[in-house]
There are 2 protein chains.
Amino acid sequence: MEKVVQRIGLKHGSGGRAMRQLIEEVFLELASPVDGIGLAALDDGAALRIGDRWLVITTDSHVVQPIFFPGGDIGRLSVSGTVNDLAMMGATEPLGLTCAVILEEGFPRADLERVRDSLRDTAREAGAPFVTGDTKVMGKGELDGIVLNTTGVALTDRIVTDAGLAPGDLILVTGHVGDHGLAVMSRRHDLGLQGDLRSDVAPLNGLIRAALAAGGDDVVAMKDPTRGGLAGALHEMAAKARVGIVLEEPKVPIRDEVRAAGEMLGIDPLVVANEGKAVLGVRAAAAERVLAALRAHPLGAHAALCARAVADRPGQVVLDTGLGRRLLAEPEGELLPRIC
Amino acid sequence: MEKVVQRIGLKHGSGGRAMRQLIEEVFLELASPVDGIGLAALDDGAALRIGDRWLVITTDSHVVQPIFFPGGDIGRLSVSGTVNDLAMMGATEPLGLTCAVILEEGFPRADLERVRDSLRDTAREAGAPFVTGDTKVMGKGELDGIVLNTTGVALTDRIVTDAGLAPGDLILVTGHVGDHGLAVMSRRHDLGLQGDLRSDVAPLNGLIRAALAAGGDDVVAMKDPTRGGLAGALHEMAAKARVGIVLEEPKVPIRDEVRAAGEMLGIDPLVVANEGKAVLGVRAAAAERVLAALRAHPLGAHAALCARAVADRPGQVVLDTGLGRRLLAEPEGELLPRIC
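Residues numbered from 1 in each chain as written. Chains lettered and ligands numbered in written order. Predicted model: local features only at pLDDT ≥ 70, side-chain atom pairs only at ≥ 80, totals over all residues. Heavy atoms only, no water.

## Brief notes about the pairing of strand 11 (residues 244-248) of chain A
Residues and elements named next belong to chain A.
So, point 1. In terms of burial, strand 11 is a largely internal element, four of the five residues being buried.
So, point 2. Examined bridge by bridge, strand 11 and strand 13 (residues 304-310) share four bridges and lie antiparallel to one another. Among the inter-strand pairings, Leu247 is bridged to a residue of strand 13, identified as Ala307.
So, point 3. Note that strand 11 and strand 14 (residues 317-320) share four bridges and pair parallel. Paired with Leu247 across the two strands is Leu319, which belongs to strand 14. (Buried < 20%, exposed > 50% of the residue type's maximum accessible area, 1.4 Å probe, protein only. Helix = DSSP H or I, 4+ residues; strand = E, 2+ residues; numbered from the N terminus. Pairing = 2+ DSSP bridges.)

Structure, rendered in structure tokens:
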């Protein structure tokens, strides 16, 4: 009998079920017990106890293609992705960022400087200092251009996980969903309508600071809907907290041009990556207060209350279209390679 | 006039002068003032003040080819590289490691599991827990196999930099030099003698702990001679401390098989990467004590006192062959792509 060689597929990097399974089957074995939140939690990052505070650590590699896209580039994406993962754990004051760059031989120096400028400007916007880095070069044809890894560390007094929902909690999204994924895919497919579509990529730590100041301990769960989109984030939050989530489709903010591009490309805006949005679970009594704080911030002007946690159907997400209800499947993750 | 497009070359990733210049010209602009040792120091990592302690952070991407080589693999390399960079700053008790993996579509799952096992085993050997990670996939032909980024954090009471040498200090190397670089290059070129050559890749934090316990504040500078080799490390230490360094060639421990492979391949063992060695600058009075502590550890059995810092020729390295003296040039860095 021929031996079947199992191979990695694009779906294993797309933020859906296939990726989660790969991580659970292969990488969870790297986890070891820590005083805090470690690898086994599969949260946006880790949180380690230092005295009476928490050290939050998060890492992301960025492989987006094209590296320059409407609304941003790989540099802005890299800083924002890491700053946002820290913020999603409740750590809104980054202590330091690392920048590890891998370049293909022949990569234009001018493009590298443009990426560097973007890294610098976005880090300043977030108040996050770069503190160390690494540079590697691979041969022509061994790497498509450039990839970046950014790791961030921050201290915080209180951790917010992605697992804190309880039945009755309300769920907010901080603005329009689908912008990043559809801007990158439209650019890649050279759709004529790309002029209207821009990535939302932005560091959210200031916005999250405002939300936490307004909501305090009533902000019980946070997650940024990157790969896998809003649907993926809600699935993870439902599964980890063992609650059901009812998503009210008409209340989800989606731009007309994103909806149009999604229809042309056959991509559901609910399952594509956002890079400047957050999903917040809040106790019902605090929801209007947190919503008002979000809307008062430039990056949260279109924030909306669009879902709620329920005791029914733990681990599942129900889409309420306004006309009826159906289960929203966990994204499998095959469509969108190199979106971030 | 035609515009000349400057492009990145392999030499920009090889740990010599070309890489240093690229980093200084392009990436130093990312540096911002921090309370401690930041990007501008271009040390093995950063050190940020937290209360009366230091948080050390270091990052490295690993692109070695082949990914499995005599004596190690990309997983062991990745953990060791990061643990060693922490140790070189004086931080020998890692708090946490991150693991960000980028895979090529079609990468065999069995190889991934083999790399994962090596990551796990080496992390255990170093007492360094993995706390968070990231997984990305690039398309077939967009990446050659797999690259790994590992970032590490640790707390320490005292920082040791690579800039602390003063005239009169003695310089120790913890064992044979050139093993890693020549093992990988011999494997890549399929030299017949590869059986004798093994990479030295290993986590050194236990060894460095022993050296610091013996030497205390008299250990004034540390650096691991990775890309650029012993020659590159000494050049950096000389330049940063504004001292000269006299390297006594006959005292540098080099295995016969490494010397032989170096001659066949035209590679000087002094300029190739080591992945399980450290260079320590110590006050003269403590040198024998530190040397004895190193030799008492399994990873330091061949440690040797092979150089000294002098007031003459600040920033330069003089090679004393036993027959005469000549300047040892800073490695330019073109020969050895993807060595780590």
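## What about the sheet that holds strand 14 of chain A?
All names here are of chain A.
So, point 1. Spatial ordering of the open sheet is given by 10-12-9-13-11-14-15, a layout of seven strands whose pairing is mixed. The open sheet has two edge strands, strand 10 (219-223) and strand 15 (325-328), and neither has a second partner. When strand polarity is set aside, the average angle formed by the axes of neighbouring strands in this sheet is 25°.
So, point 2. Across four bridges, the pairing between strand 10 and strand 12 (residues 279-282) is antiparallel. For Met222, the partnering residue across the bridge sits in strand 12 and is Leu280.
So, point 3. Sheet contacts for helix 5 (residues 205-215): strand 10 and strand 12; angle to strand 10, the most-contacted strand, approximately 165°. (Axes fitted to C-alpha atoms, helices over the stretch in contact; angles between N-to-C directions. Contact = heavy atoms within 4.5 Å.)

## Digging into the domain arrangement of chain A
One widely used convention gives an interface's size as the accessible area the parts lose upon coming together.
All names here are of chain A.
So, point 1. According to the domain assignment, chain A contains domain 1 (10-156) and domain 2 (170-327).
So, point 2. Relative to domain 2, the C-alpha centre of domain 1 lies at a distance of 21 Å.
So, point 3. Taken residue by residue, the interface counts 31 residues in domain 1 and 25 residues in domain 2.
So, point 4. Here domain 1 and domain 2 share an interface that buries about 2,400 Å² over both sides, 56% of which is from carbon and sulfur atoms.
So, point 5. By the criterion of area lost to domain 2, the three top residues of domain 1 are Pro70, Met88 and Thr92, representing 26% of everything that side buries.
So, point 6. Where domain 1 packs against domain 2, one counts 14 residue pairs in polar contact (both at pLDDT 80 or more).
So, point 7. Among the elements of the structure, strand 4 (68-69), helix 2 (74-88) and helix 3 (109-126) are those that each provide at least two residues to the side of domain 1 that touches domain 2.
So, point 8. Examining the composition of the side of domain 1 that touches domain 2, we find that eight residues originate from one element, helix 2, more than from any other. (Domains from an automatic or database assignment. Buried area = accessible area lost by both parts, 1.4 Å probe. Polar contact = N/O pair within 3.5 Å; in protein donor to acceptor, adjacent residues only side chain to side chain.)

## Examining the relation of the copies chain B and chain A
So, point 1. Mapping chain B onto chain A calls for a screw motion: a turn of 180° about the axis and a shift of 0.0 Å along it, with 0.0 Å RMSD after fitting. The symmetry that links the two subunits is that of a two-fold axis. For chain B, the minimum C-alpha distance to the rotation axis belongs to Leu143 of chain B and amounts to 2.2 Å.
So, point 2. Interface overlap between copies: 100% of the residues of chain B at the interface are likewise at the interface in chain A, consistent with a symmetric, same-surface contact. (Least-squares fit on C-alpha atoms with pLDDT ≥ 70 in both.)

## Things to note about the interface of chain B and chain A
So, point 1. Taken residue by residue, the interface counts 73 residues in chain B and 73 residues in chain A.
So, point 2. On the chain B side of the contact with chain A, Ile8, Leu30 and Arg109 of chain B bury the most area, a combined 11% of that side's loss.
So, point 3. A salt bridge links Arg338 of chain A to Glu142 of chain B; the nearest nitrogen and oxygen atoms lie 2.9 Å apart.
So, point 4. There are 31 residue pairs in polar contact (both at pLDDT 80 or more) connecting chain B and chain A.
So, point 5. Mapped by element, the contributors of at least two residues to the side of chain B that touches chain A are helix 1 (17-26), strand 2 (46-50), strand 3 (53-62), strand 6 (94-104), helix 3 (109-126), strand 7 (130-138) and strand 8 (146-156) of chain B.
So, point 6. With nine residues, the single largest contributor to the side of chain B that touches chain A is strand 7 of chain B.
So, point 7. A class-by-class count of the residues in the side of chain B that touches chain A yields 37 nonpolar, 19 polar and 17 charged. (Salt bridge = Lys/Arg side-chain N within 4 Å of Asp/Glu carboxyl O. Nonpolar A, V, L, I, M, F, W, Y, C, P; charged D, E, K, R; others polar.)

## Here we look at the packing of helix 4 (residues 179-188) of chain A against helix 7 (residues 256-265) of chain A
All names here are of chain A.
So, point 1. Where helix 4 contacts helix 7, the two axes come as close as 10 Å, and the packing angle between them is 50°. Taken together, the axes of helix 4 and helix 7 are oblique relative to one another. Considering the relative orientation of helix 4 and helix 7, their crossing is left-handed. Residues Asp179, Leu182, Met185 and Ser186 of helix 4 touch helix 7, and the partners they reach there are Val258, Ala261, Gly262 and Leu265.
So, point 2. Looking at the contact of helix 4 with helix 7 residue by residue, the classes come out as five nonpolar, two polar and one charged. (Parallel < 35°, antiparallel > 145°, perpendicular 65-115°, else oblique. Left-handed = near helix turned anticlockwise from the far one by under 90°.)

## Let's talk about the environment of Leu112 of chain A
So, point 1. Structurally, Leu112 of chain A can be placed in helix 3.
So, point 2. For Leu112 of chain A, the contacting residues outside a window of four places in its chain are Leu103, Phe107 and Ile146 of chain A together with Ile8, Leu22, Val26 and Phe27 of chain B.

## Comments concerning the sheet that holds strand 8 (residues 146-156) of chain A
Residues and elements named next belong to chain A.
So, point 1. The strand order 1-2-3-8-6-7 describes an open sheet built from six strands, whose pairing is mixed. A single partner strand is all that each edge strand has here, and the edge strands are strand 1 (36-37) and strand 7 (130-138).
So, point 2. As judged from the eight bridges shared by strand 6 (residues 94-104) and strand 7, these two strands associate in the parallel manner. Of the residues in strand 7, the one forming a bridge with Leu103 is Val137.
So, point 3. Strand contacts of helix 2: strand 3 (53-62), strand 6, strand 7 and strand 8, with the helix running at about 30° to strand 8, the strand carrying the most contacts.

## Side note on the packing of helix 5 of chain A against helix 8 (residues 287-295) of chain A
Residues and elements named next belong to chain A.
So, point 1. Contact geometry of helix 5 with helix 8 gives a least axis separation of 8 Å together with a crossing angle of 150°. When the axes of helix 5 and helix 8 are compared, the pair comes out roughly antiparallel. Of the two elements, helix 5 crosses helix 8, and the hand of that crossing is right-handed. Taken together, the residues of helix 8 that come into contact with helix 5 (itself represented by Leu207, Ala210, Ala211, Ala214 and Gly215) are Arg289, Val290, Ala293 and Leu294.
So, point 2. Partitioning the contact of helix 5 with helix 8 into residue classes produces seven nonpolar, one polar and one charged.

## Overview of the environment of Thr135 of chain B
So, point 1. Its location among the elements puts Thr135 of chain B in strand 7.
So, point 2. For the pair Thr135 of chain B and Cys99 of chain B, spaced 36 residues apart in the sequence, the C-alpha separation amounts to 8.6 Å.
So, point 3. Filtering out sequence-adjacent residues up to four positions away, Thr135 of chain B remains in contact with His12, Gly13, Met19, Leu22, Ile23, Phe27 and Arg227 of chain A together with Val101 of chain B.

## What about helix 4 (residues 179-188) of chain B?
Since there are 3.6 residues in each turn of an α-helix, residues three or four apart along the chain are aligned in direction.
All names here are of chain B.
So, point 1. Of all 10 residues that make up helix 4, eight are buried, and the element is covered over most of its length.
So, point 2. As for helix 4, its buried residues are in contact with strand 4 (68-69), helix 2 (74-88) and helix 7 (256-265).
So, point 3. Directly after helix 4, the chain includes Asp190, whose backbone phi takes a positive value near 55°.

## As for the environment of Val147 of chain A
So, point 1. With respect to the helices and strands, Val147 of chain A occurs in strand 8.
So, point 2. Distance from Val147 of chain A to Met88 of chain A, taken between C-alpha atoms, is 24 Å for residues 59 residues apart in sequence.
So, point 3. The residues touching Val147 of chain A, leaving out its near neighbours within four places in the chain, are His62, Val63, Ile74, Ala100, Val101 and Ile102 of chain A together with Ile102 and Met138 of chain B.

## Comments concerning the confidence of the model for chain A
So, point 1. For chain A, the average pLDDT comes to 95, and 97% of its residues sit at 70 or higher.
So, point 2. Predicted complex, confidence summary: ipTM 0.96, pTM 0.96. (pLDDT = per-residue confidence, 0-100.)

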